[in-house]
Amino acid sequence: MKKTVLLLFLLLLTAACNRMKIIEQPEIALNSSSNYLSLERIVCTPEATRLDLTVCCIPGKGFSIEKEAYLQSRESGLKYALTGTEGIEPGKKIKTDSTGLADISLLFEPLPADEKKIDFIESEDWQLLGIDLNNKKKTVQIECLIEGSVINRPQSSAILLNTSEDVFDRHTKGNIVIPIRNGKFSYLLRTDTCTAYGLCFNDEWRNGSMRNKEFFAEPGRIYLTIDGEDSMRIEGGILTNEYQNIRRYGSDRMQPIYDKRDSLYNIEKLYTPEVYALFKEMDSCNDPTQRRLLSEKFQNLRVEGKAYSREGNALQKKAEQTHAEIEKWELDKIVNHPSLATYYRLFEKIKKAVVYSRQTIPDSIMEIYRVLYKPAYPDHPFTRDIEQYIKAQQSFVGGKYIDIVLPDTTGTTHRLSELLQGCKIALIDFWSIHCGPCRRTSKAMIPVYEKYKDKGFRVIGISRDGMQQMIRGIHHDGYPWINLIDEYNENQIFKSYGIDNAAGYTFLVDGNGTIIAADATIEEMISLIEKYCK
């Protein structure tokens, strides 16, 4: 009898398990939750679908879950309503404790057994898109266990993980959110590509003052010890160690110069008395236009060699000499010891030239790339991005705009060259709903557009926000011109123009398609528009 009861119990347990599917840390195509949500697991049963989430806030801050939250099938479009919650009451805001973490569960109507992918939609700002319901992990070439300790950072509740190029980007696939529990974090990174990854804290990301902690995704274990704002130690990984040593060589030699510069600045001996008087005037000035003029005056003094004191000039020359020595050492390393670590350093130099300095890539750098690294890594992400940066040099002043095809807010696709056909002068306005300065510039151009639109002036806006975010920004600011969208940076249009580090950027092009101004002030743009639309 006991054996029969036990057998019956095991049969019932087996049947129940067969009806239940548990997916631990499911893969997500796009985590569009402003780096708040970590999806720990999904439990699917015939009665309900449960999402176990960790919400990562700034400690002491609050959040809420809307009653209208739902799941949506990626295939059929069917929606599954929220039916219950654990750890939070829908529609009511709760405050996190000193950890900033809150573990909650959301219950939804049951999904069909054959459902493959779903979206979680809580609001426009909290979405997890393309959640994979396959509970069998695909085979990958690299499994990298990332672990670490966090000390003296009570303001941080999570680590954000992505490729080093994307971890700070608000417009790509979103970051992996890793909760920090009791000063520890852990995540198993599974990928097929050995490339550079970056980590930053969620509070840094929200404050816009991120400091990237870089490593390579290699088989094995990486351990990070992070203490406060500046101290970090990484253990594990051959490529990671090689890259850290390259960067450390330069930083160790420049640090004494930086320390001396700070010391001279604090005792007002780095610059001339005229410059310090200029700084004080800037500090007390509340007029943005006047501050810009004062800043330009300082830059002019630097160009003319009149900004530094005698001690400051001597230190500046030493800095330039030391930097040249570091550059020579690094290039020697890149040429004679090629690896993915040295390739990444070469990639950084190319990106610095095109994106940050808006300068042509030096011939010596291009030769190293074409002879050594492009043939060795033809399909690597570094190669793909470098090829885009090479083409992006076309977008410098004096070059031709890069033709693109993108949809507008209705989904209708447009070719940029067709929109510009027949104009005398046009503004290509790259913008984002997150960028206050570029939106102020765009709004300032509205009366200019209305005045000159019938005289040959055109404006084409381009955003990489989500569609609804972009539409909200257009309606709020009242842009009367056509706006195209590269939603969530899918086509890397900003990178094709070499402005992937910018939230917004402007290009003025003439009727021949030549770029006549880039990132110009409002006054400079108006002057050129008036000249061309006489």
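Here the structure is a predicted model, which is why all the values come from computation and not from measurement.

Draft legend 1. Here's a closer look at the side chain of S73. On the secondary structure map, S73 appears in strand 6 (residues 70-73). If sequence neighbours within four positions are ignored, S73 has contacts with L78, Y80, E115, K117 and I118.

Draft legend 2. Representation of the pattern of salt bridges. This model, assessed by the stated rule, comprises 29 salt bridges. In this structure, E268 and K280 form a salt bridge, with 3.8 Å as the shortest nitrogen-oxygen distance. Within this pair, whereas E268 is found in the loop between helix 3 (238-266) and helix 4 (273-283), its partner K280 is found in helix 4, the two being separated by 12 residues in sequence. For K280, a relative accessible area of 51% translates into the label exposed. Through salt bridges with shared partners, a single ionic network connects R247, E327, E330, R345, E348 and K349.

Draft legend 3. Just the pairing of strand 15 (residues 184-191), in detail. Only one face of strand 15 is buried: it carries F185, Y187, L189 and T191, and the other face, with K184, S186, L188 and R190, is open. Relative to strand 15, strand 12 (residues 142-151) runs antiparallel, the two sharing eight bridges. Looking across to strand 15, one finds that L145 is bridged to L188.

Draft legend 4. Seen up close, the sheet that holds strand 2 (residues 28-32). Within the open sheet, the nine strands sit side by side as 1-3-4-9-7-6-10-11-2. Their pairing is antiparallel. Two strands close off the open sheet at either side, each with one partner strand: strand 1 (21-24) and strand 2. Adjacent strand axes in the sheet meet at a mean angle of 25 degrees when their direction is disregarded. As paired elements, strand 3 (residues 37-44) and strand 4 (residues 49-56) share seven bridges and run antiparallel to each other. By the bridge assignment for strand 4, V43 is matched with R50.

Draft legend 5. The environment of H380, seen in detail. By secondary structure assignment, the location of H380 is in the loop between helix 8 (363-376) and helix 9 (381-392). For the pair H380 and D252, spaced 128 residues apart in sequence, the C-alpha to C-alpha distance is 30 Å. Beyond its immediate stretch of four places on either side in the chain, H380 contacts T193, C194, T195 and L340.

So, how was this worked out
- Residues numbered from 1 in each chain as written.
- Predicted model: local features only at pLDDT ≥ 70, side-chain atom pairs only at ≥ 80, totals over all residues.
- Heavy atoms only, no water.
- Helix = DSSP H or I, 4+ residues; strand = E, 2+ residues; numbered from the N terminus.
- Contact = heavy atoms within 4.5 Å.
- Salt bridge = Lys/Arg side-chain N within 4 Å of Asp/Glu carboxyl O.
- Buried < 20%, exposed > 50% of the residue type's maximum accessible area, 1.4 Å probe, protein only.
- Pairing = 2+ DSSP bridges.
- Axes fitted to C-alpha atoms, helices over the stretch in contact; angles between N-to-C directions.

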